[in-house]
Amino acid sequence: HTFFEMLGNFSFGDYFKKEAIQYAWELATKEYGLDETRIFVSVFREDDEAFAIWRDVVGVPEERIKRMDEADNFWAAGPTGPCGPCSELYWDFHPERGAEGADLEDDSRFIEFYNLVFMEMNRDANGKTAPLKNKNIDTGMGLERMAQILQGKPNNYETDLIRPIIDKAASMANISYDDADEATKLKLKVIGDHTRAVAYLISDGVLPSNVGRGYIVRRLLRRVVRAGRLLGVKTPEGSEAFTPSIAEVAVGLSGGCDAEVAKRSRKIYDEFEREELRFAKTLGRGEEILADMIKAAKAKDPKAPKLSGDDAFTLYDTYGFPLDITTDVATEEGVAVDVEGFEVALEVARNLSRDARVTVDVTAGDLLATIADELATPTKFTGYGSLVEQSVTVRAIVNDGVRVESAVQGETVEVVLDATPFYAEGGGQVGDEGEIQLANGSVLSVTDCRKAAGGRLFAHSCVVTGDAAVSVGDAVTAAVNAESRRRAKANHTATHLLQSALKLVIGEDVSQAGSLVNTERLRFDFNAPAGPTAEQLVEIESLVNGWIGDATDLVAEEMPIADAKERGATAMFGEKYGNVVRVVDVPGVSMELCGGTHVGNTSEIGGFKIVSEAGIAAGVRRIEAVSGPGVVELLNQREGVVKELAGSLRVPPEEIAGRVSSLMDDLRAAQKEAEALRGELAAAKSVALASDAVVTPNGSRVLVARLDGVDPAALKSAAESLLEKLAGDAGDAGAAVVLGSGSADGKVGLVAIFDDGVQKAGGLKAGAVLGAAAKACGGGGGGKPGFAQAGGRDATALDG
């Protein structure tokens, strides 16, 4: 599955292995009523404790308890960090085969439905393990697998979680799932599973794009479209796409799981339709390119034409053209496809992707986590109400990953205090800057502050100045830079107002996709299929500045997360929240879950100005803006530019636009005149080339020549002039002209013109001929049978 629902339970230092095993058995056999004689159990090969609990406490016969290796029964967070053995429960679909010699990896007989992870160790960077102080339990049960078992279905797809989606797609293709062959069933399963996954992802604000999680959505949705096309799924009357109708079933099934999906159904259907239509265009382009590749393959080897693996991979990787469609189309044309070559190219791409991954060493944070365990009490944050905290104590110092007792002048260290007014980076807002002042006169310049050890500690990044050292136990004064904090909190509150304005102007389905708040400006990323118009941006600015002018007091309070959601507070997708959250409310305007710092009254923001708006990925837009002093700085900067322009153009500021427009008109006229002169010059140069034309046996005139230093427009003009002259000499036999031009920087221009006589006599097409030439020159292009134009990057290839 690409999307599945996981059930589970956790214990952090409370109950452990024995209790977790007993709870799992009780849930499976008592609550769900599973026949205990059909449940097999696996344990890690060295976990004698778990084996004994299953056998002696629960009562599972030894023959139904299987020891397995690390690959199946040992879980780890990564190369380093918490880890431990697992125990898994399997359902036996064929109990008549008996327990003797049973293989739990036999998918035709067994399905794992419950996994119990016993996190009891920690692995360091050297691969050594040590017992965890607090042993933890993490379990997982797949809802779809449990549904398959309880409903007696042969696979997850035929349960009531997915089968209705499959049946909808089948009915739209006028086929029956039950009567279909395996290949058809597979395509229907793809539609059922992927449609369900994409509906939930779009509901959560993940839209199709070419980057990150958005790319996953795009690939899943395109597989749905591909499978539907192959099955012949019909588009409903009055619609342009078929996927929204199938998505309606997935949305209808979501009610018992996530009510938000139905609330956002319109957005889901629109995105399904938009992506399907976009992919249809991609398929169209792919089909055209594939047609050219097939022709080239036939020309290269008429007896046994074969499409190369690289070409098939280019279609797949660049144009999203599936290999099976490439193979089907090529086979119909009598052309084979080098599937092995395709797989090689695909594996190369996968290896590049693997090489780009970064292995995270969680031991880097282990030291601060150990310190947090030792100190027991977390850092107290006092920065909402004060920027200065006196008589706080230095509790720990870390220098280059090593815990030290003191630090001296010039050293860069991380300092942990028992209390701090410094805001630690989070929620898009950067950490505070400022100073930690010692009684001995030394000062620690704080450049950043971050949370560590799961938020229990605030680590201040500092540079020690002054002659005296700072030591653990010192009493210090922590002081945040007031101006930096003022600007950061103004930008943060402005970000909340901006999101509310976007929802009012563009639509309620606008959702945050990321943000950055620092002392200079704010950046807000949001999901939207199209960018706001210039008029909408003006309206958004006006709304935000209006709310600033309303001088509304903000209300910030902590409450249970359930209460916050009930009151309508906006949460950021992808953020993790605890049971108690902080809600920042601008009454009547905005209410968000937010731990950042904010102004006390909207008037403190001072002003708001959008600097830029642009798309950063398909379906994701970005607005950058400034507030408060940043607005004045921006206006001063722009005023300086206006004054400089006015001086250069020798006009008053209010006449700059008119003067620039006039200069642009003059420039366009001059460029047009120069282009005409270059065309005349090229035509004059080309006259001498006419005598180089080759006469074919049927009387056609063909000229292939090089005319350097000529731009594309002039090259076209020269080719047209030559064709007119040659065609007059050739009569009905026709004429063809192919010209190439190289520039000093190595760029290539190509043009080909074939008249009707040449096309009929030899079956030649300008686009096909020029396409091959452009590829040899490191470029591309094409056109119609009678005219084609292309470019390249390697002028030396023109001589080949």
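First, a word on what this report is: a plain description of the structure on this page.

Criteria and thresholds
- Residues numbered from 1 in each chain as written.
- Predicted model: local features only at pLDDT ≥ 70, side-chain atom pairs only at ≥ 80, totals over all residues.
- Heavy atoms only, no water.
- Helix = DSSP H or I, 4+ residues; strand = E, 2+ residues; numbered from the N terminus.
- Buried < 20%, exposed > 50% of the residue type's maximum accessible area, 1.4 Å probe, protein only.
- Contact = heavy atoms within 4.5 Å.
- Lys, Arg positive; Asp, Glu negative; His and termini not counted.
- Charge placed at Lys NZ, Arg CZ, Asp CG, Glu CD.
- Pairing = 2+ DSSP bridges.
- Axes fitted to C-alpha atoms, helices over the stretch in contact; angles between N-to-C directions.
- Polar contact = N/O pair within 3.5 Å; in protein donor to acceptor, adjacent residues only side chain to side chain.
- Patch = residues over 30% accessible without salt bridge, like charges linked within 9 Å, V, L, I, M, F, W, Y side chains within 5 Å.
- Areas by Shrake-Rupley, 256 points an atom, 1.4 Å probe, with all protein chains shown as cover.
- Salt bridge = Lys/Arg side-chain N within 4 Å of Asp/Glu carboxyl O.
- Expected span 1.5 Å × (residues − 1).
- Arc of directions from axis to C-beta.
- Parallel < 35°, antiparallel > 145°, perpendicular 65-115°, else oblique.
- Left-handed = near helix turned anticlockwise from the far one by under 90°.
- Nonpolar A, V, L, I, M, F, W, Y, C, P; charged D, E, K, R; others polar.
- Disulfide = S-S within 2.5 Å.

Topic: the overall build of the chain
Then step 1. Of the regular secondary structure elements, the chain holds 22 helices and 34 strands.
Then step 2. Overall, the C-alpha framework of the chain stretches about 100 × 85 × 55 Å when taken along its three principal axes.
Then step 3. Looking at the 800 residues of the chain, the share that counts as buried comes to 44%.
Then step 4. Contacts spanning at least 24 positions in sequence make up 65% of the contacts within the chain whose residues lie at least 6 apart.
Then step 5. One finds the centroid of the 85 positive side-chain charges in the chain at a distance of 3 Å from the centroid of its 124 negative side-chain charges.

A look at the sheet that holds strand 22 (residues 511-517)
Then step 1. Ordered by their spatial adjacency, four strands build an open sheet running 22-23-28-27, and the pairing between neighbours is antiparallel. In the strand order of this sheet, the two ends are held by strand 22 and strand 27 (608-617), each with one partner. Averaged over neighbouring strand pairs, the angle between their axes works out to 20 degrees when direction is ignored.
Then step 2. Pairing of strand 27 with strand 28 (residues 620-627), which is carried by eight bridges, proceeds in the antiparallel orientation.

Side note on the side chain of T493
Then step 1. Inspection of the secondary structure puts T493 in helix 15 (residues 482-505).
Then step 2. A polar contact of 2.8 Å, which involves the side chain of T493, links it to the side chain of H598.
Then step 3. Among the polar contacts listed, one links the side chain of T493 to the backbone nitrogen of V599, at a separation of 3.2 Å.

Quick look at the environment of M559
Then step 1. Of note, M559 is situated in strand 24 (residues 555-560).
Then step 2. When the C-alpha positions of M559 and D338 are compared, they lie 62 Å apart, and in sequence the two are 221 residues distant.

Let's talk about a negative patch on the surface
Then step 1. A grouping of D72, D103, E105 and D107 is seen on the molecular surface, where their side chains present a negatively charged patch.
Then step 2. Along the polypeptide, E105 turns up in the loop between strand 6 (81-92) and strand 7 (110-123).

Regarding helix 18 (residues 629-649)
Then step 1. Taking 1.5 Å per residue as the helical rise, helix 18 with its 21 residues ought to reach 30 Å, and the 30 Å between its terminal C-alpha atoms agrees with that figure.
Then step 2. Residues G630, V631, L634 and A646 constitute the buried set of helix 18. Buried residues in helix 18, looked at end-on, bunch into an arc of 140 degrees, giving them a common side. The exposed set on the far side of helix 18, more than 90 degrees from its buried face, consists of Q637, K643, E644 and G647.
Then step 3. Phi for R650, located one or two positions after helix 18, is positive at around 60 degrees.

Brief notes about the sheet that holds strand 26 (residues 590-593)
Then step 1. Judged by pairing direction, the sheet is antiparallel, and its three strands sit side by side in the order 24-25-26 without closing on themselves. Taken across any chain shown, the strands that pair with only one partner, and hence form the sheet edges, are strand 24 and strand 26. In this sheet, adjacent strand axes meet at a mean angle of 25 degrees when their direction is disregarded.
Then step 2. Across six bridges, the pairing between strand 24 and strand 25 (residues 580-586) is antiparallel. Across the sheet, the residue bridging to E558 is R582, located in strand 25.

Observations regarding the packing of helix 1 (residues 17-31) against helix 2 (residues 48-58)
Then step 1. It is the contact of helix 1 with helix 2, at a shortest axis distance of 10 Å, that shows an interaxial angle of 50 degrees. In this view, helix 1 runs oblique relative to helix 2, as classed from their interaxial angle. Considering only the axes of helix 1 and helix 2, their crossing is right-handed. On helix 2, the residues that touch K17, K18, I21, Q22 and W25 of helix 1 are E49, A50, I53, W54, V57 and V58.
Then step 2. In terms of residue class, the contact of helix 1 with helix 2 is made up of seven nonpolar, one polar and three charged.

Observations concerning the state of the cysteines
Then step 1. The final tally for this structure, using the stated rule, is zero disulfides.
Then step 2. Of all cysteine sulfurs in the structure, the one in C86 sits closest to C83, which takes part in no disulfide; the separation is 10 Å.
Then step 3. Owing to a relative accessible area of 0%, C83 belongs among the buried residues under this scheme.
Then step 4. Left without a disulfide partner, C449 is nearest to the cysteine sulfur of C462, which lies 8.6 Å away.

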